Amino acid sequence: MYTQAIDTDPQFVATQGAMRSVGATHASHDRLLASFDQRIANDEKIEAQDWMPAAYRKTLLRQISQHAHSEVVGMLPEGNWITRAPSLRRKAILLAKVQDEGGHGLYLYSAAETLGSSRAEMLDALLEGRAKYSSIFNYPTLTWADVGCIGWLVDGAAIMNQVPLCRCSYGPYARAMIRICKEESFHQRQGFELMLALCQGSEGQKQMAQEAFNRWWWPVLMMFGPPDADSVHSTQTMQWGIKRISNDNLRQQFLDATVPQAQLLGLSIPDSDLRYDDSSGHWQCGPIQWEEFWRVVQGDGPCNRERLNTRRIAHEEGAWVREAAQAYALKQAGQQAQALG
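Cut-offs and rules
Residues numbered from 1 in each chain as written. Predicted model: local features only at pLDDT ≥ 70, side-chain atom pairs only at ≥ 80, totals over all residues. Heavy atoms only, no water. Helix = DSSP H or I, 4+ residues; strand = E, 2+ residues; numbered from the N terminus. Rg over C-alpha atoms; globule rule 2.2 N^0.38 Å. Buried < 20%, exposed > 50% of the residue type's maximum accessible area, 1.4 Å probe, protein only. Contact = heavy atoms within 4.5 Å. Lys, Arg positive; Asp, Glu negative; His and termini not counted. Charge placed at Lys NZ, Arg CZ, Asp CG, Glu CD. Phe/Tyr/Trp six-rings, centres within 6.5 Å; stacked < 30°, edge-to-face > 60°. Axes fitted to C-alpha atoms, helices over the stretch in contact; angles between N-to-C directions. Left-handed = near helix turned anticlockwise from the far one by under 90°. Nonpolar A, V, L, I, M, F, W, Y, C, P; charged D, E, K, R; others polar. Expected span 1.5 Å × (residues − 1). Polar contact = N/O pair within 3.5 Å; in protein donor to acceptor, adjacent residues only side chain to side chain. pLDDT = per-residue confidence, 0-100. Core = buried A, V, L, I, M, F, W, Y, C linked by side-chain atoms within 4.5 Å. Salt bridge = Lys/Arg side-chain N within 4 Å of Asp/Glu carboxyl O. Disulfide = S-S within 2.5 Å.

1. Observations concerning the overall build of the protein chain
Logical step 1: For the protein chain, the count of helices and strands is 13 helices and 2 strands.
Logical step 2: What you see for the protein chain is a C-alpha radius of gyration of 22 Å, in line with the 20 Å of a compact globule of 341 residues.
Logical step 3: C-alpha atoms of the protein chain, sized along the principal axes, occupy 75 × 60 × 30 Å.
Logical step 4: In the protein chain, which comprises 341 residues, the share counted as buried stands at 48%.
Logical step 5: Sequence-distant contacts in the protein chain: of pairs separated by 6 or more residues, those separated by 24 or more amount to 76%.
Logical step 6: For the protein chain, the distance from the average position of its 33 positive side-chain charges to the average position of its 38 negative side-chain charges is 5 Å.

2. Quick word on the packing of aromatic side chains
Logical step 1: Summed over all chains, the structure comprises 13 aromatic pairs.
Logical step 2: Taking 5.0 Å as the distance between ring centres and 75° as the angle between the ring planes, the aromatic pair formed by Phe-36 and Tyr-56 counts as edge-to-face. With Phe-36 in helix α1 (residues 29-41) and Tyr-56 in helix α2 (residues 54-73), this residue pair connects regions lying 20 residues apart in the sequence.
Logical step 3: Each ring, one from Tyr-56 and one from Trp-240, has its centre 5.6 Å from the other, and the planes form 90°; the classification is edge-to-face. Of this pair, Tyr-56 sits in helix α2 while Trp-240 is found in the loop between α9 (234-239) and α10 (247-265), placing the two residues 184 residues apart along the sequence.

3. Examining the packing of helix α6 (residues 144-162) against α10
Logical step 1: Put simply, α6 and α10 touch, their axes get as near as 10 Å, and they point 145° apart. Crossing of α6 against α10: the hand is right-handed. Here Trp-152, Leu-153, Gly-156, Ala-157, Met-160 and Asn-161 of α6 come into contact with α10, specifically with Leu-250, Gln-253, Phe-254, Ala-257, Thr-258, Gln-261, Ala-262 and Leu-265.
Logical step 2: Taken together, the residues of the contact of α6 with α10 break down into 9 nonpolar, 5 polar and no charged.

4. Let's talk about α2
Think of an α-helix as 3.6 residues a turn; residues three or four steps apart then line up on the same face.
Logical step 1: Its 20 residues place the ends of α2 28 Å apart at the C-alpha level, agreeing with the 28 Å of an ideal helix rising 1.5 Å per residue.
Logical step 2: Counting buried positions over the 20 residues of α2 gives 14, a clear majority of the element.

5. A few points about the side chain of Thr-143
Logical step 1: Relative to the helices and strands, Thr-143 resides in the loop between α5 (119-127) and α6.
Logical step 2: A distance of 2.9 Å separates a polar atom in the side chain of Thr-143 from a polar atom in the side chain of Asp-146.
Logical step 3: Beyond its immediate chain neighbours, meaning those up to four positions away, Thr-143 contacts Trp-81, Met-208, Ala-212 and Arg-215.

6. Quick look at the side chain of Gln-188
Logical step 1: Among the secondary structure elements, Gln-188 is positioned in helix α7 (residues 171-199).
Logical step 2: The residues contacting Gln-188, other than those within four sequence positions of it, are Gly-151, Trp-152, Asp-155, Gly-156, Ile-159 and Gln-261.

7. Looking at the confidence of the model for the protein chain
Logical step 1: For the protein chain, mean pLDDT is 91; residues scoring 70 or higher make up 92% of the total.
Logical step 2: Looking across the protein chain, the model is least confident in α9, with a mean pLDDT of 90, and most confident in helix α8 (residues 203-222), with 98.
Logical step 3: Below a pLDDT of 50 lies the segment residues 1-24, which in the model reaches 47 contacts outside its immediate sequence neighbourhood of four places, other chains included.

8. Here we look at the nonpolar core
Logical step 1: Within the largest apolar cluster, 52 residues are counted, with the highest numbers of intra-cluster contacts made by Trp-152, Phe-213, Trp-216 and Trp-217.
Logical step 2: Every element with two or more residues in this core is listed here: α4 (88-113), α6, α7, α8, α10 and α11 (290-297).
Logical step 3: Beyond its immediate stretch of four places on either side in the chain, Phe-213 contacts Cys-149, Trp-152, Leu-153, Ala-262, Leu-267, Ser-268, Ile-269 and Pro-270.
Logical step 4: Within the second largest apolar cluster, 29 residues are counted, among which are Leu-60, Tyr-109, Ala-112 and Leu-123.

9. Things to note about the pattern of salt bridges
Logical step 1: Throughout the structure, instances matching the rule amount to 17 salt bridges.
Logical step 2: In this structure, Glu-101 engages Lys-97 in a salt bridge whose closest nitrogen and oxygen atoms are separated by 3.8 Å. Of this pair, Glu-101 and Lys-97 both sit in helix α4, 4 residues apart, roughly one helical turn.
Logical step 3: For Arg-179, the salt bridge goes to Glu-183, with nearest N and O atoms at 3.2 Å. With a gap of 4 residues between them, Arg-179 and Glu-183 both fall in helix α7, about one helical turn apart.
Logical step 4: Arg-179 gets classed as partly exposed once you look at its relative accessible area, which sits at 48%.
Logical step 5: With a relative accessible area of 15%, Glu-183 lands in the buried category.

10. Comments concerning the state of the cysteines
In protein structure, a disulfide is the covalent linkage between the sulfur atoms of two cysteines.
Logical step 1: A full pass over the atoms with the stated rule returns 0 disulfides.
Logical step 2: Here Cys-168 is not cross-linked by a disulfide; its sulfur's nearest cysteine counterpart is in Cys-166, at 9.7 Å.
Logical step 3: With no disulfide of its own, Cys-199 has Cys-149 as its nearest cysteine by sulfur position, at a separation of 8.6 Å.
Logical step 4: Residue classification places Cys-199 among the buried positions, given a relative accessible area of 10%.

And the structure:
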């Protein structure tokens with residue numbers, strides 16, 4: 001009932017079972033839509049070859065490509081600390097983590113391509129500023145402690161948001177998220193362990209950890225998106241089974257899990273209104289300054305321009321690699337054609 005007014009894409013008319021018969025290709029829009037809605041209600045996975053409403057496809061493409069962009073741009077805040085890591089062990093850990101993030105982007109671009117968009121089109125949208133990525137990656141990493149906060153807080157928030165996506169109604173996205181979440185759990189542990197080492201270190205290290213925590217706390221709470229009442233896409237994506245838990249509920253889960261961790265580390269949470277509500281059994285934070293969130297999303301964050309410029313330069317400097325790979329693939333295809341001759 002929630003998708004009856006949505007236009008459909010005439011290029012995709014395949015469905016499972018009886019809908020794959022010849023007669024099904026001439027089925028009415030209402031019949032196709034009713035079948036789709038029933039599959040969503042039955043918690044079945046929608047696959048790339050299945051019929052789906054155009055709005056469902058568009059929403060998935062927007063979300064998955066944005067997620068992929070976030071993984072790739074997310075390599076930048078930590079990447080510039082690889083050469084400055086304080087030990088060989090820390091350097092190896094961070095190098096592996098940044099490499100993981102690049103892999104996550106590849107998984108997600110591949111999942112998005114199953115919806116009919118090429119990777120080149122998605123990258124063009126990012127580089128031209130038409131596509132978004134997570135606002136959290138527009139904040140600077142000023143000290144080594146920021147690397148710990150990203151692992152502990154940013155990746156911790158990502159896990160809260162992404163574990164439910166393993167049950168997403170779209171199969172390729174759900175399957176990609178299973179591996180991503182396993183790797184993100186290691187990133188979160190690495191970040192917490194780094195923060196623990198700093199908090200148990202010298203006074204200067206403790207101060208550095210506290211200052212980084214102060215910078216990241218509020219932007220991380222904004223990572224879950226605007227309040228449910230102001231979220232444009234949440235209601236529909238939850239009805240479609242793409243998203244499973246609302247923004248506010250995810251934020252609450254993060255608060256309840258993270259406040260005790262901060263207390264264990266001995267960090268002071270930069271929120272004078274933070275309190276534990278005995279009646280609900282939850283931690284309650286003070287008001288979030290959503291003006292900052294929207295400003296960063298709209299391109300006016302501390303590092304928005306820097307992040308996009310870095311990605312543009314990397315894309316331009318990597319053009320020869322893409323051209324060489326394409327030439328090699330064409331050569332191999334030609335040789336195989338001759339062999340089959």
